[in-house]
Amino acid sequence: MGKAKVKPGPLGRRPDNSAFKQQRLPAWSPMLTANSVLPFFYVMAVICMVLGVWLLLTVQSTQEIKVDYTDAGTCNVCLEMRKNVSNAAKSCSCTVRFEIQKAFKGDVFFYYGLRNFHQNLRRYMDSRDDGQLVGKKANLKNPSSYCEPFSKDPSGLPVAPCGAVANSMFNDSFSLTYHGSSGLTAAVPLLRRGITWYTDKNIKFHNPKIDNLTLPQVFEGTAKPLYWQRPVYQFEPLDPNNNGFINDDLIVWMREAAFPNFKKLYGILNRTNKPFKNGLPAGNYSVEISYNFPVQYFQGRKGVVLTTLTWFGGQNYFLPIAYLVTSGLILLVAVVLTVVWWKFGKNGNNMQE
Amino acid sequence: MTVLKEIPEKWFPIILPQQRKKHKGLDGGKSKKNRAEEERRVRANDREYNEKFQYASNCIMTSKYNVITFLPVNLFEQFQEVANTYFLFLLILQLIPQISSLSWFTTIVPLALVLSITAVKDATDDYFRHKSDNQVNNRQSQVLIRGSLQHEKWMNVRVGDIIKLENNQFVSADLLLLSSSEPHGLCYIETAELDGETNMKVRQSVSVTCELGDPNNLASFDGEVVCEPPNNKLDRFCGTLHWRGRRYGLTNQNMLLRGCVLRNTEACYGLVIFAGPDTKLMQNSGRTKFKRTSIDRLMNTLVLWIFGFLVCMGVILAVGNAVWEGEVGSLFQSYLPWEPPVDNFLFSAFLSFWSYVIILNTVVPISLYVSVEVIRLGHSYFINWDQQMFCAQCNTAAEARTTTLNEELGQVEYIFSDKTGTLTQNIMTFNKCSINGKTYGEVTEPLGPQPKRLDFTPFNPLADPSFCFYDDALLESVKVGESLTHEFFRLLSLCHTVMSEEKSEGELLYKAQSPDEGALVTAARSFGFVFRSRTPGTITTTEMGRPVTYTLLAILDFNNIRKRMSVIVRNPEGRIRLYCKGADTVLLERLQPCNQELINITSDHLNEYAADGLRTLALAYRDLSEDQWEAWSESHRCADKATDCREDRLAAAYEHIEQDMMLLGATAIEDKLQEGVPETIAVLSLANIKIWVLTGDKQETAVNIGYSCKMLTDDMTEVFIISGHTVQSVRQELRRARERMIAVSRGRDGGKEGWGEARCADNGCKGGQGGDAGGGEKQLQCSAPPPSSFMDSISGEFALVVNGHSLAHALEADMEAEFVSTACACKAVICCRVTPLQKAQVVELIKKHRNAVTLAIGDGANDVSMIKSAHIGVGISGQEGIQAVLASDYSFAQFRFLQRLLLVHGRWSYLRMCRFLCYFFYKNFAFTMVHFWFGFFCGFSAQTVYDQYFITLYNIVFTSLPVLAMGIFDQDVPDRRSLEYPKLYEPGQLNLLFNKRQFFICIAQGIYTSVVLFFVPCIILSDATQSTGVPLADYQTFAVATATALVIVVSVQIALDTGFWTVFNHVFVWGSLGSYFTIMFALHSQSLFGIFPNQFHFVGSAQSTLLQPVVWLTIALATAICVVPVLAVRFLKLDLKPQLSDTVRHTQLVRQKKRKPAGCGVGGAWRGTGSASEGRLGARGGSRRSGYAFAHQEGFGELITSGKNMRLSSLALATFASRHSSSWIDTLRRKKQGPGPPSAPEEGGPAPSVPPLSNSSSVLGGSQDAPLEEEAARNTQPDPAPSQIAPAPASDSGGAAPAGSAQEAGAGPLGAATARCHGGDAPGGWMLTLGSVQVSCLYMEPCDRSSALTPASSSLPQEEGRRGPHRRGHRVGRTLCRHGNHPAKLKAGGSYQADTTHTK
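An unreviewed UniProt entry lists chain B under the name Phospholipid-transporting ATPase, with Betta splendens as the source organism. The Catalytic activity (unreviewed entry) comment attached to chain B in UniProt states, word for word, "ATP + H2O + phospholipidSide 1 = ADP + phosphate + phospholipidSide 2." What the UniProt record of chain B gives under Sequence similarities (unreviewed entry) is the line "Belongs to the cation transport ATPase (P-type) (TC 3.A.3) family. Type IV subfamily."

Under the annotation held in an unreviewed UniProt entry, chain A carries the name Cell cycle control protein and is attributed to Betta splendens. Regarding chain A, the relevant UniProt record gives this comment under Sequence similarities (unreviewed entry): "Belongs to the CDC50/LEM3 family." According to UniProt, the comment filed for chain A under the heading Subcellular location (unreviewed entry) is "Membrane".

Structure below.
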């Protein structure tokens, strides 16, 4: 601004004759002609159709079973027991039985699911200290204010890990047993490792490190979260790669769900031994649950889910159906447009001045 | 926002106030202090005394900031804007932890960006203001300090200083003129910078000070001025000078105001009265009101609505929150207890409301305002850069002076245009003539080779080199010596009121007060009849190389009624002849009937010329015998002296002598239209823009121009002329026009409108009654205008011509509506004789009644008011002053650029802005409403859907550039097409592209998109897992998937909206997408998380999410669902109801396909045709519209005969003296010795005191009495020198006046003139209270002619012989003017001494 250089001569102030300044830049000005729009619609319809069919076929090869154990089987006893806060320290276990009619082929994933548990509340989600979880020593002893009121225990010790998310960690544990048709009973081996995001396990969560100190020593001077039964360094004292902040269950829990009904990965079927080499054989199963997590306060439900996966995840009928419906609608629109074009706009009749 | 361009130095003083418009700034404070000032006392040459009052110094400061105050003041100003305060408020909300649903930086980043961009702009502007201030403040002026002239900077000039000004210098402060190098303390100024008037004005010093002459006297001057405090009235000043125990009244006539330029005056001295911010120039600045476009207003309304909508959403969600907290949240408390201040769900809901206000604030994004400004700025630059709006002749490019109005250019419905200088070039060229029945100047073959321009120089060295004429038959005729041809040009060289200035031998400069006179005299000059110089009593010409001096016996001046002017001259041989030129209508009646044949032929020629749109004059002469002349001159003198009905008597006397004339021929002058005016008007009216011409010109001239620029055509059904003088007659004329229109249109429509018929009949009958001027109330009721809808439907082409006085009535409150409905039914409206104020009133009228966008275009100071009051003001630059340009929003050099400005730039701007706004609201609703849906799933806890960085960057990075590129570069059809199809302009006028309906459609589309964007991922992802079995239903995955889908959907949408994919659009669209992914991956990267783990929770999300096929399937599905309906609807619209622009585009495509190799030199070709177009279009076979087209003002004859306006520069005088040692000087000398009664001025007679010119009509004394200025009267004259004359004061002067010399017979009616002579060394002078000549008679056209100049005489023996040849003329000039029937308050009257020329 203001520094227009003036060339001498009668045309000194003449603006440059550049395509940009004269707004004559070469440009592509597309137009919605029937030649481009109608084929586009048909192609879209076909693509959606193909995708939908493909996805549908894929989904149909998956299997899934959901078992709600909130008050199923012997668990109603535990449910009643958990209603009383004074029993919080007492352990309670129960068993739920279910049947798999058709064998689950391939990898089988074991999830626990919660209903009506709002991990997506703003204050809940904020109530954590990623600095502490990544192992920053300053944050360990001095948790972020976002953790309030779960940053200090009643005695004033800093809580590790602090915050509402960690405090409310799901602490039921499961053991799955197979009751084969031949009376064979076998514990279903579950891999409890590798159930987190790679980035979470390796970047987002680290145990604080102080030279030569063991984990319990590092955590000395911190308190366990209020609702926890054990401190964080006692998840798996024998496995340093799965203890403390880098415990897989903790990491899984800390990845908050977007919606109040969610499932989280608990374990993956270990297919090294028979009879689980090809997945879960058909038959009866029982889950023995160490029933700790109270859901009755918030009228929630909890359950377990067993499922096999395809390339795009678990059993998910919505996606293929949505594609098929969309395809149908696009096709419908395309036909309507074609008819309209044929009747009214063909040959650019309306385009004549 | 003013686009600063290089400002020519000369424009400086006026540029400043322009820039000041927005702020009251620093000097506002000063003027506040001065407001307490009740009167101002200034003592000359006494700084100590003046310092007591602490008057403002001459240092001006238009800048707002300095280095220290910049930040606080600028921020303060910026936060006065509602939008900025709103965001500041949001920011404060975000700092409350309980409410803060978003980090503070989501608001502060955009806010800081906006603030800093604005601050940088303000700083740049202010820097230039500083620079210009410095430049002005550091200008040099000569200040008289302790008796010597010293150079001082302007800013160091103090009140009370005496300043010397030289010719062509700017006046540096408001000065009291003390003395000047010119006689009588006269000095000439040009006030173009102040009020835009280019004509020169005279200022005169108080008589006592004008003698102070040289610096030594001035240094001892210790007069004290007491005057009014600073004010902004340019034409008023009131004060008193106290000096030597006497008081002298001061008026505006004594003042030189800052911003004026001294002209034709060697030097003058002035006393600084007001300095710096107190000057009238500065006091006048800062009143420009800020214009807003209709889109702006709509946008503000919509933003308010959106704000309301935001509050509604907030309330809904807060209620939801209350319910949820009550039902669910309270149970969930063991996991998430309420925060300490929250003790119940209601309070939680209250907090949640504010939290949601923060989250949802992006529906009114801060970037909206910034983007709009940026787009407008871009459009303004395109206007500035447009080569096709560059005028090569005057080297001026178009300039968008305001950058906030561009899209309004696409919605103009009414154009109000000035005529002179806007439609016409105000250049008159002598085009054709008819001499003795033979027509010359016809270019025979218009298609043949360009006829050669005649070269006059070999034949006549004095010819005007710039004069163009093509017909050499005329030159031949002159050379051959045809007596009538000679007589024809002799007439042209004698019968006029032009003044000449001869700088050096042969270099003549004519100063004509009307350009047509100049053209005629120039023509005569080129054909060998060179008008060289004039004195009050003689005219000297060079005829065919031979110098001839004619004695000017009388000028029978022009006036509106006479429509002609004559001169009576005596040639050297002693023959007396009357030369007359005038309108054919009046002149042809006064011819000798004998040459009827010639009259018929000439009349045919006149018709021909008129049909060509030329201005015609008929020329005639009459030989007078000595007796006739004697007799007439006697009767004329009687008439002139008559005290009652002087005008009528004079007119009768003129009438008497202008009889039995012999026709010489006729001239045709072309009032050159600007290039391309008719074409432009045609195109604009095709674009449904109504053009009104508002001109100060006379009706005939205006109508003539109306025809030549094709506003009026011969195939128009009817042209109504409203010229009534009374309310009744105007009303009646308007009604008649309406009735006629209705009748005609009913006739056309086959009388299908029964209602109209009834209405018309009704009007008709009552109109009859009302016609008897007694209708009163009844008539008022009956003449209520028919509903405009009815008037709108009138078919047929009508035009309306309204006269100034009728317009005054038509603009009265009760007739407004009637006038508007009549005028708006016409295709063309011409208002003539319009005052500047009325121009503005007309504009306001349309604004008020029509709710239409108006554009005013003009070039002069008289257009400023209308330019300011119209929605858009356009100034024609490079012609008459710069006042109009400074007041305007856009300026360019030629009227024809208007079509490009409106049809191309305006249309594009409107289109782009509309598309931009539609898209902008869409994208923000699509973005924000997702939060709303999410609220129902997250317990209304004000959790955002997206990462907060995404929220921060969405509007300023991810989606800003593509839409900006569209807003700046988009074109639906190329510029050439929009000029070819003016109808394309209509959507803008009807406001079709962006209105409330469009807005709701955009909003609906946005909400639809947000629904899709939320629910599709929600449903799909809640069940989906990664291939490793890890569920995808976690919050971060959902956030990333939704955000990605959103960015892709809005990008696809902008791609659909963009109609013109330039390289920038590609870069920005793809670049935005690319930047989204890049930035997302960067923000979710390990390194950032490593540094700020608590700020970047989303580490790894982008990688984990975007690698999942199911996420992409989700995004694809969402995109398809969002886009397909839009595409279908657009296609259907295009197919079923194509807009004209679509059609044009389609044909364009088809054409392109047909012939691929299309040239690209579109612009050049168009430009070529534009410049090749003839300025004038012949309209053969039209009705006869011979107009007496004198753009003439009466009263000039008097000035000439009085010699008052004669600037006898030393050179001219010298040459004059050497060449003719003739009678004039001798008479002067003789008069000096023996003063004679001015009433006996016969040449050679015994009264030598008066030059022979005194028998001309204008010389005789005025008859008006006027109140004598008290001050002047009290100023008694001690002792008149014997040879000096003290004019007798008028009887009512009421002052003790010295006995006037008896010979002052003519001084009897001298009225107000109180002339005083000073004895001793003070040269004789006349106390003058001059009503300014130009105010009363030159400037105000409509005033009736009533003026007189009374000769007086005086002589100054004391001074004689001091240096150089002295000459004295004795003239008492008084110029009177009557407005209507009220005698003007006569302030004028006086006499002044003959020039004392200083030969250098």
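After presenting the structure, the write-up continues.
Attention now moves to the overall build of chain B. Summing up its helical and strand segments, chain B has 49 helices and 39 strands in all. Put simply, chain B shows about 50000 Å² of open surface, and 58% of that area lies on carbon and sulfur atoms.

Turning next to the interface of chain B and chain A. Chain B puts 110 residues into the contact, and the matching count from chain A is 101 residues. In total, about 9400 Å² of surface goes out of reach between chain B and chain A, with carbon and sulfur atoms giving 65% of it. The three residues of chain B that bury the most area against chain A are Y335, Q387 and F1131 of chain B, which together make up 9% of that side's buried surface. We note a salt bridge from R255 of chain A to D1034 of chain B, for which the minimum N-O separation is 2.7 Å. The interface formed by chain B and chain A includes 26 residue pairs in polar contact (both at pLDDT 80 or more). Looking at the side of chain B that touches chain A, the element that brings in the most residues is helix α42 (residues 1109-1136) of chain B, giving 16 residues. Per-class residue counts for the side of chain B that touches chain A are 59 nonpolar, 38 polar and 13 charged.

Let's shift gears to the nonpolar core. By size, the foremost hydrophobic cluster in this structure holds 222 residues, and its most contacted members are W253 of chain A together with F950 of chain B. Residue contributions to this core peak at 18 residues, all from helix α32 (residues 897-935) of chain B. Beyond its immediate stretch of four places on either side in the chain, W253 of chain A contacts Y112, L114, F117, Q119, Y124, V165, S168, M169, F170, F262, K264 and F293 of chain A. One finds L673, I830, L898 and Y985 of chain B within the second-largest nonpolar core, a separate group that totals 51 residues.

Attention shifts here to a nonpolar patch on the surface. Residues and elements named next belong to chain A. On the surface, Y42, V46, M49, V50, V53, L57, L331, V335 and V339 cluster together into a nonpolar patch covering about 730 Å² of accessible area. At the level of secondary structure, the elements contributing two or more residues to the nonpolar patch comprise α1 (34-60) and α10 (318-345). Considering every element that reaches the nonpolar patch, the biggest residue donor is α1, with 6 residues. Inspection of the secondary structure assignment puts V50 in helix α1.

As a further point, take the side chain of R82 of chain A. Residues and elements named next belong to chain A. Within the fold, R82 resides in helix α2 (residues 75-83). Despite its burial, R82 pairs with no opposite charge, the nearest such side chain being D172 at 6.4 Å. When near neighbours in sequence (up to four residues on either side) are disregarded, R82 contacts N87, A88, K90, S91, C92, Y291, N292, P294, Q296 and Y297.

The next point concerns the state of the cysteines. Residues and elements named next belong to chain A. Under the definition given, this model contains 3 disulfides over all chains. A sulfur-sulfur separation of 1.9 Å characterises the disulfide bridge that pairs C147 with C162. Of this pair, C147 sits in the loop between α5 (137-141) and α6 (164-167) while C162 sits in the loop between α5 and α6; the two residues are 15 residues apart in sequence, bridging distant segments of the chain. Just as C147 is buried, C162 falls in that class too. Sequence-ordered numbering of the disulfide-bonded cysteines in chain A gives the connectivity 1-4, 2-3, 5-6.

Let's shift gears to the pairing of strand β4 (residues 108-115) of chain A. All names here are of chain A. Taken across its 8 residues, β4 has 7 buried, putting it largely inside the fold. In this structure, β4 lies alongside strand β11 (residues 301-308), joined through 8 bridges in antiparallel fashion. Directly across from R115, in β11, lies its bridge partner R301. Both β4 and strand β8 (residues 262-269) contribute to a ladder of 6 bridges, which runs antiparallel. Each bridged residue has a counterpart across the sheet, and for F110 the counterpart in β8 is G267.

Here we take up the UniProt feature "transmembrane region" (unreviewed entry) in chain A. In the numbering used here, UniProt assigns the "transmembrane region" (unreviewed entry) feature to residues 37-57 and 321-342 of chain A. Secondary structure content for residues 37-57 of chain A is 100% helix and 0% strand, and the end C-alpha separation is 30 Å.

Attention shifts here to the packing of helix α33 (residues 948-958) of chain B against helix α39 (residues 1063-1083) of chain B. Residues and elements named next belong to chain B. Where α33 contacts α39, the two axes come as close as 11 Å, and the packing angle between them is 155°. Considered as vectors, α33 and α39 are oriented roughly antiparallel to each other. Here α33 runs over α39; the crossing is right-handed. Every residue of α39 that contacts α33 at Y949, F950, L953, V957 and F958 is listed here: S1072, S1075, Y1076, I1079, M1080 and L1083.

Evaluation of the coordinates by the stated rule reveals 108 aromatic pairs over all chains. Ring centres of F950 of chain B and Y954 of chain B lie 5.6 Å apart, and the angle between their planes is 45°; this geometry places the pair in the tilted category. With F950 of chain B and Y954 of chain B both in helix α33, this residue pair falls 4 residues apart, about one helical turn. In this structure, R255 of chain A is placed above the aromatic ring of W197 of chain A, and the distance from its NZ or CZ to the ring centre is 3.5 Å. Here R139 of chain B stacks its cationic end above the ring of W154 of chain B, 4.8 Å away from the centre of that ring.

With that out of the way, let us pick up the pattern of salt bridges. Inspection of every chain in the model, using the stated rule, returns 53 salt bridges over all chains. For D71 of chain A, the salt bridge goes to R301 of chain A, with nearest N and O atoms at 3.1 Å. Of the two residues, D71 of chain A sits in the loop between β1 (64-68) and α2 while R301 of chain A sits in strand β11, which places them 230 residues apart along the sequence. With relative accessibility at 34%, the residue D71 of chain A sits in the partly exposed group. We classify R301 of chain A as partly exposed; its relative accessible area is 31%. Across the salt bridge formed by R376 of chain B and D296 of chain B, the nearest N and O atoms sit 3.2 Å from each other. Taken together, the positions of R376 of chain B in helix α13 (residues 366-385) and D296 of chain B in helix α11 (residues 294-329) put the pair 80 residues apart, joining distant regions of the chain. In this structure, a network of salt bridges that share partners links the residues E39, R41, R43, D46 and E224 of chain B.

Turning to helix α16 (residues 515-526) of chain B, a few remarks are in order. Counting along an α-helix, one turn takes 3.6 residues, and residues three or four places apart therefore face a common direction. Residues and elements named next belong to chain B. The end-to-end C-alpha distance of α16 is 16 Å, a good match for the 16 Å that 12 residues give at a rise of 1.5 Å each. Across the 12 residues that make up α16, a large majority, 11, are buried. What α16 keeps buried is the set D516, E517, G518, A519, L520, V521, T522, A523, A524, R525 and S526. Two residues or fewer after α16 comes G528, characterised by a positive phi angle close to 100°.

Each value, and the rule that gives it
Residues numbered from 1 in each chain as written. Chains lettered and ligands numbered in written order. Predicted model: local features only at pLDDT ≥ 70, side-chain atom pairs only at ≥ 80, totals over all residues. Heavy atoms only, no water. UniProt positions renumbered as here; feature names shortened; annotations may be inferred. Helix = DSSP H or I, 4+ residues; strand = E, 2+ residues; numbered from the N terminus. Areas by Shrake-Rupley, 256 points an atom, 1.4 Å probe, with all protein chains shown as cover. Contact = heavy atoms within 4.5 Å. Buried area = accessible area lost by both parts, 1.4 Å probe. Salt bridge = Lys/Arg side-chain N within 4 Å of Asp/Glu carboxyl O. Polar contact = N/O pair within 3.5 Å; in protein donor to acceptor, adjacent residues only side chain to side chain. Nonpolar A, V, L, I, M, F, W, Y, C, P; charged D, E, K, R; others polar. Core = buried A, V, L, I, M, F, W, Y, C linked by side-chain atoms within 4.5 Å. Buried < 20%, exposed > 50% of the residue type's maximum accessible area, 1.4 Å probe, protein only. Patch = residues over 30% accessible without salt bridge, like charges linked within 9 Å, V, L, I, M, F, W, Y side chains within 5 Å. Lys, Arg positive; Asp, Glu negative; His and termini not counted. Disulfide = S-S within 2.5 Å. Pairing = 2+ DSSP bridges. Axes fitted to C-alpha atoms, helices over the stretch in contact; angles between N-to-C directions. Parallel < 35°, antiparallel > 145°, perpendicular 65-115°, else oblique. Left-handed = near helix turned anticlockwise from the far one by under 90°. Phe/Tyr/Trp six-rings, centres within 6.5 Å; stacked < 30°, edge-to-face > 60°. Lys NZ or Arg CZ within 6 Å of the ring centre and 35° of its normal. Expected span 1.5 Å × (residues − 1).

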